[in-house]
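Each chain, letter by letter, is given below.
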Amino acid sequence: NAPDAGPPVHLDRTNDNPFVEAALVTFQHVLTYGDDTFPAVSWAFTLRAPLSDGDLEEASPADLGASVAVSKEIAWFQAYAGAAVAWYGRDDFYGIKFRTWQWAGQAALEWRALPGFSVIAQWVVTAGAVDGLRDFSKPSHEVGGGFKWEVMGGILFEASLIENIINFENSPDLGFHF
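Residues numbered from 1 in each chain as written. Predicted model: local features only at pLDDT ≥ 70, side-chain atom pairs only at ≥ 80, totals over all residues. Heavy atoms only, no water.

Asks: Just to check I follow, could you spell out the packing of aromatic side chains for this structure?
Replies: Any aromatic ring pair is given by two values, namely how distant the centres are and how the planes are angled relative to each other. All told, the structure shown has three aromatic pairs when counted by the stated rule. When the centroid spacing of 5.9 Å and the interplanar angle of 55 degrees are considered together, the rings of phenylalanine 147 and phenylalanine 157 count as tilted. Taken as a pair, phenylalanine 147 in strand S10 (residues 140-152) and phenylalanine 157 in strand S11 (residues 155-164) lie far apart in primary sequence, 10 residues in all. Classification of phenylalanine 147 by relative accessible area gives partly exposed; the value is 27%. Here phenylalanine 157 falls in the buried class, since its relative accessible area comes to 18%. Centre to centre, the rings of phenylalanine 157 and phenylalanine 176 are 6.1 Å apart; their planes meet at 20 degrees, and the pair counts as stacked. On the criterion of sequence distance, the pair formed by phenylalanine 157 in strand S11 and phenylalanine 176 in strand S12 (residues 173-177) is long-range, its members being 19 residues apart. (Phe/Tyr/Trp six-rings, centres within 6.5 Å; stacked < 30°, edge-to-face > 60°. Helix = DSSP H or I, 4+ residues; strand = E, 2+ residues; numbered from the N terminus. Buried < 20%, exposed > 50% of the residue type's maximum accessible area, 1.4 Å probe, protein only.)

Now the structure itself:
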């Protein structure tokens, strides 16, 4: 093992899936809906409390998160940006200590190509989750692309592909949403 490889962890099919059942309460507020000059701005505050013991050893009775998001319509495009920060306490998973504070940022551009159909490109950066564990200690940069299509009134179909742009030793993630 390299010095920064962290403690050895062996999980196989005899282990339950890592999980934590939790309750979340989120307060969200739109500060402004935007206009021809200024973007729409909103914020959110989230409180998360575990409901049962899972494989994650919780260091605090609750986790806290806050985020801010802006969006601006420009001709046929919608631009989005957001930032989030969360405090988790010093959680532990099979001897791996997670960082107390996490942060993330996001920027996206949506092009309304046709009425009811948009193409979306997105970039996300997320803080490393642990100290001294190689790639898991560094921020993750991901790019995504996809589309959303209003199949009929009130029914939206979305598909997206996301890929880590620093570490290509994994496969892209594909998601669908109705």
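There's plenty left to go through after this.
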